[in-house]
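Examining the three-dimensional arrangement
Here are the chains, one letter per residue:
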Amino acid sequence: MNFRIAIPSSGRSELLLNKTIKYLKMTNIDFKNVDIFLSKADELNDYTDKLKEYPVNIIVANNDSINAQRNFMVRYYD
């Protein structure tokens, strides 16, 4: 089965690591199938540093609103 897990995030790298990633780890998910969408590029270093042991894909949407970020996510996938 071919699937992706899309996670929008903005300013919550610590919460993402302690809650979402922790849960996904318990489910034995392949982290190569996880895409984390950031609103702003200035958060990239923080997320990359905190998630360095997980091979997740971090994608910067460069959007100011959550609605714009979600629209970006929908258009991102074919």
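Residues numbered from 1 in each chain as written. Predicted model: local features only at pLDDT ≥ 70, side-chain atom pairs only at ≥ 80, totals over all residues. Heavy atoms only, no water.

Once that is clear, we can look at the overall build of the protein. A count of helical and extended segments in the protein gives three helices and three strands. In the protein, the succession of helices and strands from N to C terminus is β-α-β-α-β-α. If you line up the protein on its principal axes, its C-alpha atoms span 30 × 30 × 15 Å. Here the protein, with 78 residues, has 32% of them falling under the buried criterion. Contacts in the protein between residues far apart in sequence, at least 24 positions, make up 58% of those at least 6 positions apart. As presented, the protein carries roughly 5,200 Å² of accessible surface, and 50% of it is formed by carbon and sulfur atoms. Across the protein, the centroid of the 11 positively charged side chains sits 5 Å from that of the 10 negatively charged ones. (Helix = DSSP H or I, 4+ residues; strand = E, 2+ residues; numbered from the N terminus. Buried < 20%, exposed > 50% of the residue type's maximum accessible area, 1.4 Å probe, protein only. Contact = heavy atoms within 4.5 Å. Areas by Shrake-Rupley, 256 points an atom, 1.4 Å probe, with all protein chains shown as cover. Lys, Arg positive; Asp, Glu negative; His and termini not counted. Charge placed at Lys NZ, Arg CZ, Asp CG, Glu CD.)

Scanning all chains against the criterion turns up six aromatic pairs. Aromatic side chains Phe37 and Phe72 sit 6.1 Å apart centroid to centroid with 75° between the ring planes, which places their arrangement in the edge-to-face category. Residue Phe37 is found in strand β2 (residues 34-38), and its partner Phe72 is found in helix α3 (residues 66-76); the two are separated by 35 residues along the sequence. With centroids separated by 5.3 Å and ring planes inclined at 85°, the aromatic side chains of Phe37 and Tyr76 adopt a geometry described as edge-to-face. One end of the pair, Phe37, is in strand β2; the other, Tyr76, is in helix α3, with 39 residues separating them in the sequence. A relative accessible area of 0% places Phe37 in the buried class. Every member of this aromatic cluster is reached through a ring pair, and the members are Phe37, Phe72, Tyr76 and Tyr77. (Phe/Tyr/Trp six-rings, centres within 6.5 Å; stacked < 30°, edge-to-face > 60°.)

What follows concerns the environment of Phe3. By the secondary structure assignment, Phe3 is in the segment before β1 (5-9). For the pair Phe3 and Asn33, spaced 30 residues apart in sequence, the C-alpha to C-alpha distance is 6.9 Å. Leaving out residues up to four positions away in the same chain, Phe3 has contacts with Ile29 and Asn33.

Okay, the nonpolar core next. Formed by Ile7, Leu16, Ile21, Leu24, Phe31, Val34, Ile36, Leu38, Tyr47, Leu51, Tyr54 and Val56, the largest nonpolar core amounts to 12 residues. Contact partners of Ile36, with chain neighbours within four places excluded, come to Ile7, Ser9, Leu16, Tyr47, Leu51, Val56, Asn57, Ile58 and Ile59. (Core = buried A, V, L, I, M, F, W, Y, C linked by side-chain atoms within 4.5 Å.)

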